[in-house]
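Chain and residue survey
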Amino acid sequence: MKAAKNNLLLFLIPAGICFVLGVVMLISGNVILESAKSMIPQNTGEEVGDVEGYAVLIDLFGAGFAGLTGLIFYMGGVILTPYSGLVIAITVIARLIYKKTSGRILAYRIIMGIDFAVLILPPVFLLVISLMEGTAVSFALFYLAGAAAMLVAGCRWTYTDRILK
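Residues numbered from 1 in each chain as written. Predicted model: local features only at pLDDT ≥ 70, side-chain atom pairs only at ≥ 80, totals over all residues. Heavy atoms only, no water.

What follows covers the confidence of the model for the chain. Averaged over every residue, the pLDDT of the chain is 89; residues scoring 70 or more account for 99%. Here helix α4 (residues 137-159) stands out as the element of the chain with the lowest mean pLDDT, 89, in contrast to helix α1 (residues 2-39), whose mean of 91 is the highest. (pLDDT = per-residue confidence, 0-100. Helix = DSSP H or I, 4+ residues; strand = E, 2+ residues; numbered from the N terminus.)

So, in structure tokens, the structure goes:
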């Protein structure tokens, strides 16, 4: 039972933090997008002089930059929230199934294997894309190292005799 609780905490705490962060990113991205819309200057139909024209261009640049920032935040939340929610759901289901009988331990190990796959595939995918594009490789390696550490610890608790203790 101790190993199942360790796996639950190992996956639930980071996934919960990521879920909250994803929700915050969704909300703040939406707020930034709305404020970017309000930054766009309204055309009154009057002729605009040079100075006012430059000010309009600067306002449009600021609105575009704010809109891009809001979109990045919003899309980060769109990706992070369901991913972390999936990890939380699979981990909780695995913990609910766990019992010290041979059939239940096998089912727990299978579901945790799915959880491990869900955990490790995105950072590997991100690393491959980063290496192909040559960007954000350090972030991808950091993410992969954290996921691999969680994977090794989780596998030790799931697939060894520690699960029976």
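That was the structure; now back to the text.
Below, the discussion takes up a nonpolar patch on the surface. Together, Leu68, Leu71, Ile72, Phe73, Tyr74, Met75, Val78 and Ile79 make up an exposed nonpolar region whose accessible area comes to about 720 Å². Locating Tyr74 in the fold gives a position in helix α2 (residues 50-97). Judged by its relative accessible area of 32%, Tyr74 is partly exposed. (Patch = residues over 30% accessible without salt bridge, like charges linked within 9 Å, V, L, I, M, F, W, Y side chains within 5 Å. Areas by Shrake-Rupley, 256 points an atom, 1.4 Å probe, with all protein chains shown as cover. Salt bridge = Lys/Arg side-chain N within 4 Å of Asp/Glu carboxyl O. Buried < 20%, exposed > 50% of the residue type's maximum accessible area, 1.4 Å probe, protein only.)

This part takes up the pattern of salt bridges. Any two side chains of opposite charge can pair, so long as their charged atoms come close to each other. Throughout the structure, instances matching the rule amount to one salt bridge. The residue Lys37 makes a salt bridge to Glu34 at a minimum N-O spacing of 3.4 Å. Of this pair, Lys37 and Glu34 both sit in helix α1, separated by three residues, roughly a single helical turn. Since its relative accessible area comes to 53%, Lys37 is described here as exposed. The partly exposed category is assigned to Glu34, whose relative accessible area is 43%.

For the coordinates displayed, the defined rule picks out four aromatic pairs. Taking 5.6 Å as the distance between ring centres and 40° as the angle between the ring planes, the aromatic pair formed by Phe11 and Phe116 counts as tilted. Taken as a pair, Phe11 in helix α1 and Phe116 in helix α3 (residues 102-133) lie far apart in primary sequence, 105 residues in all. With relative accessibility at 1%, the residue Phe11 sits in the buried group. With a centroid separation of 6.0 Å and an interplanar angle of 65°, the aromatic rings of Phe116 and Tyr159 are classed as edge-to-face. Of this pair, Phe116 sits in helix α3 while Tyr159 sits in helix α4, and the two are 43 residues apart along the sequence. By relative accessible area, Phe116 is classed as buried at 4%. (Phe/Tyr/Trp six-rings, centres within 6.5 Å; stacked < 30°, edge-to-face > 60°.)

Mapped onto the elements of the fold, Thr158 is located in helix α4. Polar contacts involving the side chain of Thr158 include one to the side chain of Asn7, which spans 2.6 Å. Setting aside residues up to four positions removed in sequence, Thr158 forms contacts with Asn7, Tyr108, Arg109, Met112, Phe116 and Ile163. (Polar contact = N/O pair within 3.5 Å; in protein donor to acceptor, adjacent residues only side chain to side chain. Contact = heavy atoms within 4.5 Å.)

A few words now on the side chain of Ser84. Note that Ser84 resides in helix α2. The class of Ser84 is buried, set by a relative accessible area of 2%. A distance of 2.8 Å separates a polar atom in the side chain of Ser84 from the backbone oxygen of Leu80.

Under the defined criterion, the tally for this structure stands at zero disulfides. Cysteine Cys18 remains unbridged, with the sulfur of Cys155 as its closest cysteine sulfur at 19 Å. For Cys18, a relative accessible area of 29% puts it in the partly exposed group. (Disulfide = S-S within 2.5 Å.)

It is worth spelling out the environment of Ala153 at this point. Looking at the secondary structure, you find Ala153 in helix α4. Between the C-alpha atoms of Ala153 and Ser102, which are 51 residues apart in sequence, the distance is 22 Å. Setting aside residues up to four positions removed in sequence, Ala153 forms contacts with Asn7 and Leu10.

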